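Descriptive structure summary
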There are 2 protein chains.
Amino acid sequence: MSWIVEEIGFDPNRITTNGNKFMLGNGAMGYRGTLEEFKKEQLPACTLAGLYDKVGDQWREPINAPNGLFTQLILNGEILSPLTSRYDSHRVALNIRDATYHRDTAFVVGDNRIEVRTRRFLSMEHLDLILMKVEFRCSQDCEITVRTGIDGDVWDINGPHLQEYELSAGDGLIGLSCITQELKKSVSVAEGITLVGAAEEVLIQDSLSMLREIQIKCFAGETYGFTKYVAVGFGDQREQVSKTVQSRVREAMRDRYETLLHRHALHWERKWELSDVEIEGDDDAQFALRYSIYQLHIIAPTESEKVSIPARGLSGQVYKGAVFWDTEMFMLPFFLYSQPKIARNLVMYRVHTLDGARRKAAEYGYRGAYYAWESQDTGDDACTLFNITDVFTNRPMRTYFRDKQVHISADAAYGIWQYYEFTGDDSVLLEGGAEVLLECARFFYSYSYYKEEKNRYEILDVTGPDEYHERVNNNAFTNELVRTTLEIAFKAMAVLESKYPEAYASLMEKLDFSEDLGKLSSMLGQLYTPQPDPATLVIEQFDGYSKLEDVDLRTLKSRIMDKNEYLGGGNGLATTTQILKQADVVLMLHLFKNRFSQEVKKANWEYYEPRTEHGSSLSSCVYALVAADIGNSDWAYPYFMRTATIDLTGDSKQYVGTLYIGGTHPAANGGAWMAAVLGFAGLHLREGKVLFQPSLPEHWQSIAFPIQIRGQQFRVNVTATEVVILSDNRNKLQQTFQVGTEERTIEPGGRSSFPNEGKRRGDGLAG
Amino acid sequence: MSWIVEEIGFDPNRITTNGNKFMLGNGAMGYRGTLEEFKKEQLPACTLAGLYDKVGDQWREPINAPNGLFTQLILNGEILSPLTSRYDSHRVALNIRDATYHRDTAFVVGDNRIEVRTRRFLSMEHLDLILMKVEFRCSQDCEITVRTGIDGDVWDINGPHLQEYELSAGDGLIGLSCITQELKKSVSVAEGITLVGAAEEVLIQDSLSMLREIQIKCFAGETYGFTKYVAVGFGDQREQVSKTVQSRVREAMRDRYETLLHRHALHWERKWELSDVEIEGDDDAQFALRYSIYQLHIIAPTESEKVSIPARGLSGQVYKGAVFWDTEMFMLPFFLYSQPKIARNLVMYRVHTLDGARRKAAEYGYRGAYYAWESQDTGDDACTLFNITDVFTNRPMRTYFRDKQVHISADAAYGIWQYYEFTGDDSVLLEGGAEVLLECARFFYSYSYYKEEKNRYEILDVTGPDEYHERVNNNAFTNELVRTTLEIAFKAMAVLESKYPEAYASLMEKLDFSEDLGKLSSMLGQLYTPQPDPATLVIEQFDGYSKLEDVDLRTLKSRIMDKNEYLGGGNGLATTTQILKQADVVLMLHLFKNRFSQEVKKANWEYYEPRTEHGSSLSSCVYALVAADIGNSDWAYPYFMRTATIDLTGDSKQYVGTLYIGGTHPAANGGAWMAAVLGFAGLHLREGKVLFQPSLPEHWQSIAFPIQIRGQQFRVNVTATEVVILSDNRNKLQQTFQVGTEERTIEPGGRSSFPNEGKRRGDGLAG
């Protein structure tokens, strides 16, 4: 099976898409898959995780660092670029196994054929390091001018974010340092090169860039080239940061490219060992799923617990580089099963942003923690009140994403508890996780209302996952997650109280929580959560949903007058109908699969599926998951494939008006993994027991993958007839597995083959 | 002082406006001030009170009866009409003292000058009777063809409502009877004429009309003419209704025009005795106020308690002929002080529509009575979910008038209790009024939520009077009215329990109310009502209002792109700002003037006044009332005049797109009376005591008017220096009055002159 994504030929219309598709990253930086010679018009970006800036009244968004890979080859005054030059062949490729980017172009200038070949990677060992090797060969003797260095004229959406540029050169290194507008952070880039052969170099600098210009006399058929060592850093002290990146470059130049690449590749080998999913019988699915996993690896914070994964990964400034619920709901499961340490970083991010969540709750008059709908470094909400432009009037449209999507606090709590359940790692609770859980529960108490007439607490005026219906009452998804948050808070308190009584006492005192205990308990006992209708088994998405116009999707779409018109908001076409943006009730049925019968899941899937517009990339995988859960892998498969290929095809929306909104889709990437492993293989953790209820697509011979549960490593292979589980030799604990109805405990190093009873369509369904 | 409204000359652009301005009515029927020769294109209408019809999916609206006054004079084949004929002079006039309509036109055909003169009235004695006298005189000998009869081709907005036309003729009478589409009610019109002199008559009928054609040989200078006697009726039995209208016509023809006019005028004399307000020193104000009172008289249900007053009176089918809160809040006070029997009819209408209100409450999942926002005959809500067309997309726009303006139930309850307090008439409580009060209180309990954290009941998700801000929480006006409803319910129960224990017991049992008592009492004790901010004294209109964009009205209006765009609704320009459609908090300060200090009233008037768009004709009078209350009659006066002249100038909006929305404005008419008598004269009833706190406009020498309190008749004259009160000789009870700080009790037949201490501007205000 191939591990290579490639594209032959050059299509200027695909520059933006390919910037996402061929992206590199190491969790600390993302580097878009653009060509070395590109300037900001082609949207290159070296996006830094966790550093944000705000200019004037514009959106706060992440920083794109100066581009240290910028390189142009010039022959007879002509800059070689497929945008403007003749070329014989052009190919870019991404090896997702070792996360290297490959570019090969053969330019033609007169009778001279110039083959250019570059290789680059973002070191997975040194997260501030980018390396690139450039080679070229001409068919005729000529003189090539290499212009390479640091291009500080960066692409910004709401910039410019960088100012006070300082350029430097010395000891063979060049450097560029600048200051962000808002927080006055220093961003520094240093670059050194090693050149094959001797050449004359001059430095060219303007206000924003520091470049070397090197004349190379080329003899026909000979290969020339050089290697670029680039380090990128940021921090409070300009000099300090500059020094750090310079010494990193020097160190890298001592280590040399091949060594660094080798070490980088070892990291990636380990990543794949822990996470690769092998599918037999479906090459397309295999490739798309691996590519999805690659996308998750390149944006995962391996070393920092102060950043999480933004909704567009590190592919640029889109969506303000903000972290949404996507992380907990769509990405976390992959990391939990494969790299719990990264999962820990992701959930600890919520601990570090707790104060921001407290400020947001207070701003709206509530107690506890109301997490940001769009979270950045501080946890204050980056989401604005007017998010969308009305296409008919060009006016900003009031939306209630920020104000009313209260489920975000439940999502954060749910994520923390998931981590705890998977790992048994108490430390996350002790280091602030429990505090988050309690503050989220307190927020929901503070947000709730009591309906005396019905003797129940209700959650009013919220927006659920289906954003086309804003400000609804008793959204089934939200209420169920609120209930879960309260349950989790009590469970966490029980853990603390029994195992760490002092920590428990001190937390109770710190939060002055004793009075809340009784309130939360009474709320938990009487919280209303919408239940299946006895006749139809359908769970109403929110109060009054069933009274909305029950129009089919085709009819709704026929009413659209402008292809960019927003279907939600004040007057959106979907708002007065039952058409939903994305899985809502169905997502709840996935999250709480044990709380609902197969009949209920089936009834709701069938009800909501034709009414779902899938206006979010978070929708398809959920329909795949629940379809697999109810034994309909043929319903699930197209949704799985749609999810898994989203960043390969680049078919998603790239622009709204002149605003670029494209980028990668980590939630869909995570959703693809979920659909395959949690859906088709039917993996599920329940009260410490690992369950499999497989429902493979018929043409799949097998799916195999590693999982880690509470520190123990296992390997799973699911075929149509059996589920084989191998416990790693190095494991220390036994683990109970259940496949279908059969339950067994496997000792460390043991192996067990369970019969795969399969899941017949409609399995367990009445009627 | 003149009692005549007149217009000289003919302006085709004013046909529609003048249809409203010169309207006749007797509470059972309205007849628009259109010319006799007009066909439906000019919007003549004989609108019937209390009979509604619905065609297909269109709006339910009142019936316009076939036009029994239709009359054309034809000379040499030319129909005489100022629309198409030459004329020398044209004048229409309305005598508001006796409610007669006058029309005088001198047509010119060749050398012949034809003077036409008509007089008409809707009998205030026989509410089904319309009479018209037609006279004409030619300057040359000629033959005039008179075409007169019943034109059944009526103007309809969402019709046609009438079908199965049956035409008849016999014994000199012609008749037209037809059937409504929805309820299959019979509508019948009969007409008889008495002709001066002999003439030849033939009957002309088509499918919709029954006309006489009469040839009259005219000698120059001689006056010819005829009188039309028209009766209009409706009911279940076609034959029965036809017989009734025929005998009414015969009877009227026996009584003759002059006698009937005389009796009609006596009724009007009595009306003016009971209600005329005399202003010295301001002829414009005098005339406008009298005209406003005239408008109230012609639409008041004198005999039926099953109809109330629609928002556009009886001026056509606009606003579905529906009864809004306008009646209780803006018209009822006039009737309470002048004709309590009519006030009783108005409040009893809410008793008769209680079941509709119960159905609406149940439809939305509540107990008790949720009155229709737009109420017709049954009390079911005629208001639709989509009320407005988006000018940018031509799509229907979802509005929440029907769903969320819960204050309507409080308005209904408030009206009933106002009637009871003014009259001491227990019968209204015993005949269903108390039941309404309890059911409204129960509805609010059922609607409320308890906020445990704040130990209070809240009223969530409502729309207050300011319809530009839909679905808000804790609207100050609404919450205060809800509290009042609960108080009223308890007061009514106390009256019943002490005076009519059996009725009380039976009502409690009928409503199964005992369990609600404790709930309502606890709600009353802990209901949240927004209070003045301690620093600014401003009462926030609803939760979060103060956080909205604080833009001035001019700026807001500069953002308007289409003059017909709606400022409220989903994306309306005002919704995200502090701009309000109409008095909201300020109306509350008027209704509960004793609950708030003068300082609070002043602070709120000054805060909200510049933020009010006055997009409703219900707004200006409220600003006039509260301005007068705080002693600023110069602030109040322009608002008073704007209110009092609305149907004279016809300056209000007449069309939205092709939809006619014009008509008369009874709420503004009532508001003009309120501003003059309750505002400038400062009349106020508090716990059985009559108070005056006058604040006359400086150029007014006096204002004088009759009032009736608990069956006793008084006459009041307010000047700058004194307030003279006369108790009628026929009174049986003494009555306590307070003017300024002085309180006296006046015996039947007594007279007292109080010094008018006046109200200095800022009277009693701190700072």
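Sequence order as written defines the numbering, with residues in each chain counted from 1. Chains carry letters and ligands carry numbers; both start at the beginning, A for chains and 1 for ligands, and go up in the order they are written. Local features are withheld for residues below a pLDDT of 70 in this predicted model, meaning they are given only at 70 or higher, and side-chain atom pairs are given and counted only at 80 or more; totals for whole chains, interfaces and linings count all residues. Side-chain measures were taken over the full set of non-hydrogen atoms in the model, leaving aside hydrogen atoms and water.

1. A look at the overall build of chain A
Spelled out, the test is: For the purposes of this entry, the term helix denotes a DSSP run of H or I that reaches at least four residues, the term strand denotes a run of E that reaches at least two, and both are numbered from the N terminus. A radius of gyration in this sense is built from C-alpha atoms; the matching globule rule multiplies 2.2 Å by the number of residues raised to 0.38. Categorising residues by exposure relies on relative accessible area from a 1.4 Å probe, with only protein chains included: less than 20% of the type maximum marks a residue as buried, more than 50% marks it as exposed, and the intermediate range marks it as partly exposed. Any two residues whose heavy atoms approach within 4.5 Å at even a single point are treated as in contact. For accessible areas, the Shrake-Rupley method is used with a probe of radius 1.4 Å. Any residue's cover is judged against the shown protein chains and nothing else.
Broken down by element type, chain A carries 20 helices and 33 strands. Its C-alpha atoms give chain A a radius of gyration of 27 Å, within 12% of the compact-globule value 27 Å for 767 residues. Counting only C-alpha atoms, chain A reaches 85 × 60 × 60 Å along its principal axes. Taken over 767 residues, chain A has a buried fraction of 64%. Counting only contacts in chain A whose residues sit at least 6 apart along the sequence, the fraction spanning at least 24 positions is 67%. Of the roughly 27000 Å² of accessible surface on chain A, a fraction of 48% belongs to carbon and sulfur atoms.

2. Here's the deal with the UniProt feature "binding site: substrate" (unreviewed entry) in chain A
Residue and element names in this part refer to chain A. Cut-off, in case you're wondering: UniProt positions are given in the numbering used here, feature names are shortened, and annotations may be inferred rather than shown by experiment.
Feature annotation in UniProt places "binding site: substrate" (unreviewed entry) on Trp325, Asp326, Lys581 and Gln582, given in this structure's numbering. In this structure, Trp325 sits in the loop between helix 4 (283-299) and helix 5 (326-338). If sequence neighbours within four positions are ignored, Trp325 has contacts with Phe330, Arg350, Trp373, His407, Ile408, Asp411, Pro465, Phe477, Gln582, Leu587 and Leu618. By the secondary structure assignment, Lys581 is in the loop between helix 14 (553-558) and helix 15 (585-591). With a relative accessible area of 13%, Lys581 lands in the buried category. Apart from the residues within four sequence positions on either side, Lys581 is in contact with Asp466, Glu467, Tyr468, Thr612, Glu613, His614, Gly615, Ser616 and Ser619.

3. Here's the deal with the pattern of salt bridges
Residues and elements named next belong to chain A. Worth spelling out the cut-off: Salt bridges, as used here, are contacts in which a Lys or Arg side-chain nitrogen is within 4 Å of a carboxyl oxygen on Asp or Glu.
Per the counting criterion, the structure on display carries 132 salt bridges over all chains. The salt bridge involving Glu166 is made with Arg238; its shortest N-O contact spans 3.5 Å. Taken as a pair, Glu166 in strand 13 (residues 162-170) and Arg238 in helix 2 (residues 238-255) lie far apart in primary sequence, 72 residues in all. The class of Arg238 is buried, set by a relative accessible area of 16%. Residue Arg730 pairs with Asp728 through a salt bridge whose shortest N-O separation is 2.9 Å.

4. Here we look at the relation of the copies chain A and chain B
Which entries qualify depends on this criterion: Copy-to-copy superposition: least squares on the C-alpha atoms, limited to residues that have pLDDT of at least 70 in both copies.
If you rotate chain A by 180 degrees and push it 0.0 Å along the axis, it lands on chain B with an RMSD of 0.1 Å. The symmetry that links the two subunits is that of a two-fold axis. Ranked by how close their C-alpha atoms come to the rotation axis, the residues of chain A are headed by Gly570(A), at 1.8 Å. Comparing interface residues between copies, 97% of those in chain A also sit at the interface in chain B, which points to an isologous, same-surface contact.

5. Observations concerning helix 6 (residues 340-352) of chain A
Residue and element names in this part refer to chain A. Operational definition: The length a helix should cover is 1.5 Å for every residue beyond the first.
The end-to-end C-alpha distance of helix 6 is 18 Å, a good match for the 18 Å that 13 residues give at a rise of 1.5 Å each. Of all 13 residues making up helix 6, eleven are buried, and the element is well covered by its neighbours. Listing the buried residues of helix 6 in full gives Pro340, Ile342, Ala343, Arg344, Asn345, Leu346, Val347, Met348, Tyr349, Arg350 and Val351.

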